[in-house]
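# What the coordinates show
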Amino acid sequence: MRETKCRIEHFAFYDHSGIARHLERMAEKGWMLEKIGAFAWHYRRVPPRRRHFAVTYYPKATRYDPGPPEELAQFYDLCAHTGWTLVAASAQMQIFSNDQGSPIPLETDPTLAVETVHRSMKRVLWCRAVVLIGALFLLLTGVAEAFQDPLALLSSGRSLFFTLVGLLAVPLGAAELWRYLSWHAAAVQAAEKGAFLETKSHRLPQMAVAVVLLAGLLVWVATDSPNEWIETVLCLVGVTVALCLRQILRDRGTMAETNQSIVWGLVLYVGLMAGALTGGSDLFGLERTTVDHWLNTPPLAVGELTEPNEQDEAWGDLCWGQESLFLGSYIYGKLHVNFAGVRQDVDVTSLRYRLVAPKLPGFYGLSERVLASDWEPHRQWKYREESPAEPWGAQRAYRLVEEAEAAQGTQRYLLCYPGVLVDISFAWPPSEEQMALVGERLGGIQL
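This text gives an overview of the structure that appears in the document. In this text the structure is predicted, and so the values were computed from the model without any measurement. (Residues numbered from 1 in each chain as written. Predicted model: local features only at pLDDT ≥ 70, side-chain atom pairs only at ≥ 80, totals over all residues. Heavy atoms only, no water.)

### Remarks on helix 7 (residues 226-251)
Heads up, the condition is: Working definition: helices are DSSP H or I runs of at least four residues, strands are E runs of at least two. Numbering for both runs from the N terminus. Expected span of a helix, by definition, is 1.5 Å for each gap between consecutive residues, and there is one gap fewer than residues. Partly exposed describes any residue whose relative accessible area lies between the buried limit of under 20% and the exposed limit of over 50%, with all areas from a 1.4 Å probe on protein chains only and scaled to the type maximum.
An ideal rise of 1.5 Å per residue puts 38 Å on 26 residues; helix 7 measures up with 36 Å between its terminal C-alpha atoms. All of the buried residues along helix 7 are P226, N227, W229, I230, T232, L234, G238, A242, R246, Q247, L249 and R250. Count one or two residues on from helix 7 and you reach G253, which has phi positive near 85 degrees.

Here is the structure:
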């Protein structure tokens, strides 16, 4: 039989009533809170019985303090004389238990109790506000990308994950802030009448959001290239290690200032290391997905359709791609880089194409509608017409004409194959042999 166990508890910091009720139920089941760790609450087995719990707050305490200050230690001694024993402490929150049948209340002044809770919550409110602003930024970025290029959003595991973070964290964070401010306003009015206002627990939304985000992260890691998720995973691991280290240093009696410096130094180091590892486009030359392979070996290159050009040496391949659970997207072309850093010029006298390969049946029609739509960022079709599909070996083909390219003679086509859609532009009228080669190289792609 286990004598100890750990549980990840989801309580709002100010939810003193909910925490006390939960610990009373756990004590009746034979589990007593022993300490609050960096991520979990630790319980030990005890004889089941009815126990009372109370939660108080000390605004001056921090999570880095190795032990209670003298003022707080005197408060602990005073509580012990009345039967209230300190069970665990976490930053400003102190949890006490009492085995007496009808103990003397630990808090006797409701006005002072509400004021103490609010002073302790100020730092938490600032942190929650910063997180809410960050989540709102992620959500707005995802929405803007969905309007500008929905296929780029759907093919990027990174964009999908961070949009999901914003989509879930914004309403959750806003609801938590609203619940606390509503409770505080009502608690102040109740305190003026000499009454304590209990808090209400809302644990299910927090647990559901945590489970969904963890599942989303695992799906992202399992389906996308390490180049996309390694930075995020390293940062999460670094923060986890830093929080555990903070708890270890605190338990060993390290000074708060030293503890804080070590923890934030570690977080900064991991962030810089993660940025350095992902600075290149190919992490350790690892090819995890089909798109990773195409970045090194394009499925169709300019040299396979045209004779080598003396100017080709001044131009490099523009290869960009990403792949998610829903679809893969890849762009190939020629790019001239101005090494002075002034601009980048795309070669309009060469070949350029974009591949969109849906992985789920429902996304094929959406991809075709987006690629064949009359509007595209920075482009305005003059007209779109159906084109013979047989030379390309495609199911359907469209010729796309836009005013900006008409004067240069560029011919652009949208080719629909069973597993991939090809948006391809030529700077010359393609021959039937070239059309057949495009169908052979690009038409059979499956992701």
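### Some points on the sheet that holds strand 1 (residues 4-7)
Here is the rule: At least two bridges found by DSSP between two strands are what make those strands a pair. Note on geometry: axes are C-alpha line fits, over the in-contact stretch for helices, and angles between N-to-C directions span 0 to 180 degrees.
What the three strands build is an open sheet, ordered 1-3-2; its pairing is antiparallel. The open sheet has two edge strands, strand 1 and strand 2 (31-36), and neither has a second partner. Here the average twist between neighbouring strands, direction ignored, is 30 degrees. Here strand 1 pairs with strand 3 (residues 41-45) via four bridges, running antiparallel. The partner of R7 across the bridge, within strand 3, is W41.

### Quick look at the packing of aromatic side chains
Rules: Centre distance within 6.5 Å is the pairing criterion for rings of Phe, Tyr and Trp, where only the six-membered ring of Trp is used; planes under 30 degrees apart are then read as stacked, over 60 as edge-to-face, and the remainder as tilted. Ring-over charges, as used throughout, are those where CZ of Arg or NZ of Lys falls within 6 Å of the ring centre and within 35 degrees of the ring normal.
Tallied over the full model, the rule gives 16 aromatic pairs. What links up through ring pairs into an aromatic cluster is the set W392, Y413, F426 and W428. Over the face of the ring belonging to Y64 we find R246, whose NZ or CZ atom lies 5.5 Å from the ring centre.

### Examining the sheet that holds strand 5 (residues 85-90)
Heads up, the rule is: By definition, residues are in contact when any of their heavy atoms lie within 4.5 Å.
Strand order in this open sheet of three strands is 4-6-5, and the pairing throughout is antiparallel. Single-partner strands in this sheet number two, and they are strand 4 (52-57) and strand 5. Taken over all neighbouring pairs, the strand axes of this sheet differ in orientation by 25 degrees on average, direction set aside. With six bridges connecting them, strand 4 and strand 6 (residues 93-98) associate as antiparallel partners. When the sheet's bridge partners are listed, T56 is paired in strand 6 with Q94. Across the face of the sheet, helix 2 (residues 70-81) comes into contact with strand 4, strand 5 and strand 6 while running at roughly 15 degrees to strand 6.

### Re the nonpolar core
For clarity, the threshold we go by: Here, the term nonpolar core denotes a set of buried Ala, Val, Leu, Ile, Met, Phe, Trp, Tyr and Cys residues that are joined through side-chain atoms within 4.5 Å.
If you look at the biggest cluster of nonpolar residues, it comprises 33 residues, and the most contacted ones within it are L33, W41 and I95. Apart from the residues lying within four places of it in its own chain, the contact partners of L33 are L23, W41, H42, Y43, R44, V87, A88 and I95. Counting 28 residues, the second-largest nonpolar core is a separate cluster that includes V302, W392, F426 and M435.

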